[in-house]
Amino acid sequence: QLWPGAFTSVEGKKLIVHRLRVAESTSDAPLDLPAIAEPGAIVVMGERMIVACAQDTWLELVEVQLEGKKRMPAGEFLRGYTHITGVRLG
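Residues numbered from 1 in each chain as written. Predicted model: local features only at pLDDT ≥ 70, side-chain atom pairs only at ≥ 80, totals over all residues. Heavy atoms only, no water.

Trainee: What exactly am I supposed to notice about the packing of aromatic side chains here?
Mentor: Geometry of an aromatic ring pair is reported as the spacing of the ring centres plus the angle between the planes. For the structure on display, the rule yields one aromatic pair. Considering the side-chain rings of Phe77 and Tyr81, the 4.8 Å spacing of their centres and the 10° angle between planes classify their relative orientation as stacked. With relative accessibility at 13%, the residue Tyr81 sits in the buried group. The ring of Phe7 has Lys14 sitting right over it, with the charged end atom 4.8 Å from the ring centre. (Phe/Tyr/Trp six-rings, centres within 6.5 Å; stacked < 30°, edge-to-face > 60°. Buried < 20%, exposed > 50% of the residue type's maximum accessible area, 1.4 Å probe, protein only. Lys NZ or Arg CZ within 6 Å of the ring centre and 35° of its normal.)

Next comes the structure, spelled out in structure tokens:
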């Protein structure tokens, strides 16, 4: 394991980000993101968890691990956190 790693918090729990990438459109999921969003705001698009950053940049969290849970793909995480759109990381 690499240390230190990227982490943040969601609803008071530590969220480790194992894999992420700059958010881009795919053939099955066009990127239709809000023009303006506060940094840290989460947008859910299907099984994609996309987070607003500064200067109109968006990152897709690909693989995450919530405090006390196993490492998992974002889609699996989102099945347990269906109310997460609009929540801010940090």
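Here the narrative resumes, following the displayed structure.
Trainee: I'm lost on the pattern of salt bridges in this one. Help?
Mentor: Any two side chains of opposite charge can pair, so long as their charged atoms come close to each other. In the structure shown here, the tally under the stated rule is six salt bridges. Taking the shortest distance from any N to any O, the salt bridge between Arg71 and Glu63 comes out at 3.0 Å. Arg71 sits in the partly exposed class, given a relative accessible area of 43%. A salt bridge links Glu76 to Lys70, with the shortest nitrogen-to-oxygen separation between them at 3.3 Å. One connected set of salt bridges, linked through shared partners, spans Arg21, Arg48 and Glu60. (Salt bridge = Lys/Arg side-chain N within 4 Å of Asp/Glu carboxyl O.)

Trainee: Where do I start with the side chain of Arg48 in this structure?
Mentor: With respect to the helices and strands, Arg48 occurs in strand β4 (residues 48-52). Take Arg48: its relative accessible area is 9%, and that puts it in the buried class. At 2.9 Å, the side chain of Arg48 and the side chain of Glu60 are in polar contact. (Helix = DSSP H or I, 4+ residues; strand = E, 2+ residues; numbered from the N terminus. Polar contact = N/O pair within 3.5 Å; in protein donor to acceptor, adjacent residues only side chain to side chain.)

Trainee: Sorry, what's going on with the environment of Phe7 here?
Mentor: One can find Phe7 in strand β1 (residues 6-10). In this structure Phe7 touches Lys14, Leu15, Ile16 and Val17, once residues within four positions along its chain are discounted. (Contact = heavy atoms within 4.5 Å.)

Trainee: When you look at the pairing of β1 in this model, what are you seeing that I'm missing?
Mentor: Successive side chains on a regular strand alternate, one facing one side of the sheet and the next facing the other. Sheet analysis places β1 next to strand β2 (residues 13-22), joined by five bridges and oriented antiparallel. For Thr8, the partnering residue across the bridge sits in β2 and is Leu15. (Pairing = 2+ DSSP bridges.)

Worth remembering: the numbers are spatial, not functional.
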